[in-house]
Amino acid sequence: MNINPSYIRLYETGKLKEKVEKAFSMLEECRVCPHNCGVNRLSGEKGFCKTGENVVISSFFPHRGEEFPIRGHRGSGTIFVSWCNMRCVYCQNYEISHLGEGRKYTPEEIAGIMLYLQEEGCHNINWVTPSHVVPQLMKALYIAVEKGLKIPIVYNTSSYDSPETLKLLEGVVDIYLPDLKYTDEKYARKYSKVKNYPEIAKQAIKEMHRQVGDLKTDSHGIAYRGVLVRHLLLPADIAGTKEALRFLRSISPNMHVNIMAQYYPYYRACDYPELCRMITPLELKEAVEYAKELGLRLVMD
């Protein structure tokens, strides 16, 4: 099956360039993500995400640890963006997201990375933690398309995304890979230091699904379009799993969901006794059984 990514059509009609220009204008008084810091990142000012104009990247490589529809047989072309617009106390990648490990890359350099990953045979380009650097990544994409990029973009996000930014991504992103971390506002504030997470994340996932619909795969089981939601189980049901699954079912009876049980008390998790343990087999079993009762499409690897 040979299906061109949606951004090819945008590029050919000149609309991709227009979207890039509009996105970059959002950096002048930054409103790229829900924090709406208002700083001028083009002049080097930094807000919550501690990122100016150039993107900090920690690593990039063909990732073979994602869900099968994403990684396929040749890996997902993963670009790990440093810093984050959330501050999860249990983050397993805190060196990257909290401490900003990595180096700065220009859009031209990021375009080169994307072309390299395509040459390595990756099924897609996987932007990890992109919410605070969408304009820069879109500019890099534009440059890469001019030079022959032709594999889908995966938008791998915490779902703390601005509606305005997501609308700019319509026709740019073919595969959305969002988290749904919490359904209770107080837990999002306590453990991830953000406001209004459940409301923002739910609206974000609705918008993603509006754009690309349910997950679609080719004859080899590899995704080329659609939404795959990740839900990380947290101890003592801090994530609000049943409510999260009911919400996803309300968007689509065919929503693809990965219920993730690999939580481990990394970083500062044990500052909070309730977070200082792993998930039990019973907690996983109950979550999976409930998802099956709802008829959701489970993706477990």
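Below you will find a few notes about this structure. (Residues numbered from 1 in each chain as written. Predicted model: local features only at pLDDT ≥ 70, side-chain atom pairs only at ≥ 80, totals over all residues. Heavy atoms only, no water.)

This next bit is on the overall build of the protein. Across its full length, the protein holds eleven helices and ten strands. For a compact globule of 301 residues, the expected C-alpha radius of gyration is about 19 Å, and the protein comes in at 18 Å, within 12% of that figure. For the protein, the spread of C-alpha atoms along the three principal axes comes to 50 × 45 × 30 Å. The burial tally for the protein puts 57% of its 301 residues in the buried class. Taking the contacts inside the protein whose residues are at least 6 apart along the sequence as the reference set, 71% of them involve residues at least 24 apart. Across the protein, the centroid of the 39 positively charged side chains sits 2 Å from that of the 36 negatively charged ones. (Helix = DSSP H or I, 4+ residues; strand = E, 2+ residues; numbered from the N terminus. Rg over C-alpha atoms; globule rule 2.2 N^0.38 Å. Buried < 20%, exposed > 50% of the residue type's maximum accessible area, 1.4 Å probe, protein only. Contact = heavy atoms within 4.5 Å. Lys, Arg positive; Asp, Glu negative; His and termini not counted. Charge placed at Lys NZ, Arg CZ, Asp CG, Glu CD.)

Within the largest apolar cluster, 90 residues are counted, with the highest numbers of intra-cluster contacts made by Tyr90, Met114, Trp127 and Leu169. By residue number, the principal contributor to this core is helix H6 (residues 134-146), which donates nine residues. The contacts of Met114, once residues within four sequence positions are left out, are Ile79, Ile125, Trp127, Leu137, Ala140, Leu141, Ala144, Leu149 and Ile153. Counting eight residues, the second largest nonpolar core, distinct from the first, contains Val154, Leu177, Leu215 and Leu228. (Core = buried A, V, L, I, M, F, W, Y, C linked by side-chain atoms within 4.5 Å.)

It is worth spelling out the pairing of strand S1 (residues 55-63) at this point. Pairing analysis gives three bridges linking S1 to strand S3 (residues 103-105), with the strands arranged antiparallel. Bridge pairing in S3 links Val56 to Lys104. With six bridges connecting them, S1 and strand S2 (residues 76-81) associate as antiparallel partners. Residue pairing in the sheet places His63 in a bridge with Ser76 of S2. (Pairing = 2+ DSSP bridges.)

It is worth spelling out the pairing of strand S4 (residues 125-128) at this point. Residues Ile125 and Trp127 point to one face of S4 and Asn126 and Val128 to the other, with burial holding for every one of them. Relative to strand S5 (residues 153-157), S4 is paired through four bridges, and the arrangement is parallel. Across the sheet, the residue bridging to Ile125 is Ile153, located in S5. With H6 bridging S4 and its parallel neighbour S5, the resulting β-α-β unit is right-handed. (Right-handed = clockwise from strand over helix to strand, strands pointing away.)

Counted by the stated rule, this structure contains twelve aromatic pairs. Summarising the aromatic geometry, the rings of Tyr90 and Tyr263 are spaced 5.6 Å apart at their centres and angled 70° between planes, so their arrangement reads as edge-to-face. Taken together, the residues span a long stretch of sequence, with Tyr90 in the loop between S2 and helix H4 (94-97) and Tyr263 in the loop between strand S9 (256-260) and helix H11 (281-294) at a distance of 173 residues. The burial state of Tyr90 is the same as that of Tyr263; both residues are buried. Of the aromatic side chains, those joined through ring pairs into one cluster are Phe60, Tyr105 and Tyr116. When the ring centre of Phe24 is taken as reference, the NZ or CZ atom of Lys139 above it lies at 5.1 Å. The lysine or arginine in question, Lys186, covers the ring of Tyr187, its NZ or CZ lying 4.6 Å from the ring centre. (Phe/Tyr/Trp six-rings, centres within 6.5 Å; stacked < 30°, edge-to-face > 60°. Lys NZ or Arg CZ within 6 Å of the ring centre and 35° of its normal.)

What follows is about the packing of helix H5 (residues 107-119) against H6. With their axes 8 Å apart at the nearest point, H5 and H6 run at an angle of 60° to one another. Overall, the two elements H5 and H6 adopt an arrangement that is oblique. Here H5 and H6 pass one another in a crossing that is right-handed. Contact residues: Pro107, Glu108, Ile110, Ala111, Met114 and Leu115 in H5; Gln136, Leu137, Lys139, Ala140, Leu141, Ile143 and Ala144 in H6. Of the residues in the contact of H5 with H6, the class split is ten nonpolar, one polar and two charged. (Axes fitted to C-alpha atoms, helices over the stretch in contact; angles between N-to-C directions. Parallel < 35°, antiparallel > 145°, perpendicular 65-115°, else oblique. Left-handed = near helix turned anticlockwise from the far one by under 90°. Nonpolar A, V, L, I, M, F, W, Y, C, P; charged D, E, K, R; others polar.)

Quick look at the side chain of Lys181 now. Along the chain, Lys181 turns up in the loop between strand S6 (175-178) and helix H8 (185-192). If near-sequence neighbours (up to four positions away) are discounted, Lys181 is found in contact with Met86, Cys88, Ser158, Tyr197, His231, Leu234 and Ala239.

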